[in-house]
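Here is how the chains run, residue by residue.
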Amino acid sequence: MGLTRGCSKTGCARPAVATLTYAYADRAVVVGPLATYAEPHTYDLCLEHAERMTAPRGWEVVRVGGEFPEPTLATDDLLALADAVREAGRPRQARPTEARPSSSRGQANVEAESGAVESGRRGHLRILKDS
C-alpha cells in the first residue's frame, strides 16, 4: 500500500479517503473521514466505494463529514522518504569501537565486540566476516 492506506474492498487498488464502521447496537453503518490510524473492525474505503456504500436491509447509512478529500503526501513526507532510501543504499564504513559511545548497546556495538566486520553488501543484506 505504500504511504497511503488502500481501499478495503477486494480488488480495489485506489487510495482510501473514508472509514466505515458498523454500529451494531444502532443498526447503522457509519461512513466518515479517514481515521488517523487503521483500527480493527473498521474498513477504509476509496471515494467511489464510500459514496456508493449501502446498508443491509433494516439498517441505515450515516454519513459524517460530507466530502472526502483525496489523500495527498506532504512535500516533507516525500523528502523524508527519499532521504531514508538514499541512506539505506549507502555503504557503511566500519568505525573503531572507541569512537562509539560506550553507553549505547546497539547492534553495531554487539557486532564490533564479537569481531564481526562488514565485508560487503548485497541489496539490503550485509556480508559479515570474523576478524
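Residues numbered from 1 in each chain as written. Predicted model: local features only at pLDDT ≥ 70, side-chain atom pairs only at ≥ 80, totals over all residues. Heavy atoms only, no water.

Caption draft 1: Representation of the pairing of strand S2 (residues 28-33) within the structure. Pairing analysis gives six bridges linking strand S1 (residues 18-23) to S2, with the strands arranged antiparallel. From the neighbouring strand, Ala 18 faces S2, where its bridge partner is Pro 33. (Pairing = 2+ DSSP bridges. Helix = DSSP H or I, 4+ residues; strand = E, 2+ residues; numbered from the N terminus.)

Caption draft 2: Expanded view of unusual backbone geometry. Of note in this structure, Arg 27 is not a glycine but carries a positive phi near 50°. Considering the arrangement of structural elements, one finds Arg 27 in the loop between S1 and S2. Backbone geometry at His 41 places phi at a positive 70°, although glycine is not the residue there. Relative to the elements of secondary structure, His 41 occurs in the loop between S2 and strand S3 (42-45).

Caption draft 3: Up close: the sheet that holds S2. With mixed pairing, four strands are arranged side by side in an open sheet as S3-S1-S2-S4. Each having just a single partner strand, S3 and strand S4 (60-63) make up the two edges of the open sheet. Direction aside, the axes of adjacent strands within the sheet are offset by 25° on average. One ladder, built from four bridges, connects S2 with S4; its direction is parallel. Across the sheet, residue Val 30 finds its bridge partner in S4, namely Val 62. (Axes fitted to C-alpha atoms, helices over the stretch in contact; angles between N-to-C directions.)

Caption draft 4: Up close: the side chain of Arg 5. One can find Arg 5 in the segment before S1. The exposure class assigned to Arg 5 is buried, which follows from its relative accessible area of 19%. A distance of 2.9 Å separates the side chain of Arg 5 from the backbone oxygen of Ala 35, its partner in a polar contact. Contacts of Arg 5, omitting those with residues within four sequence positions, involve Pro 15, Ala 16, Thr 19, Leu 34, Ala 35, Thr 36, Tyr 37, Ala 38 and Asp 44. (Buried < 20%, exposed > 50% of the residue type's maximum accessible area, 1.4 Å probe, protein only. Polar contact = N/O pair within 3.5 Å; in protein donor to acceptor, adjacent residues only side chain to side chain. Contact = heavy atoms within 4.5 Å.)

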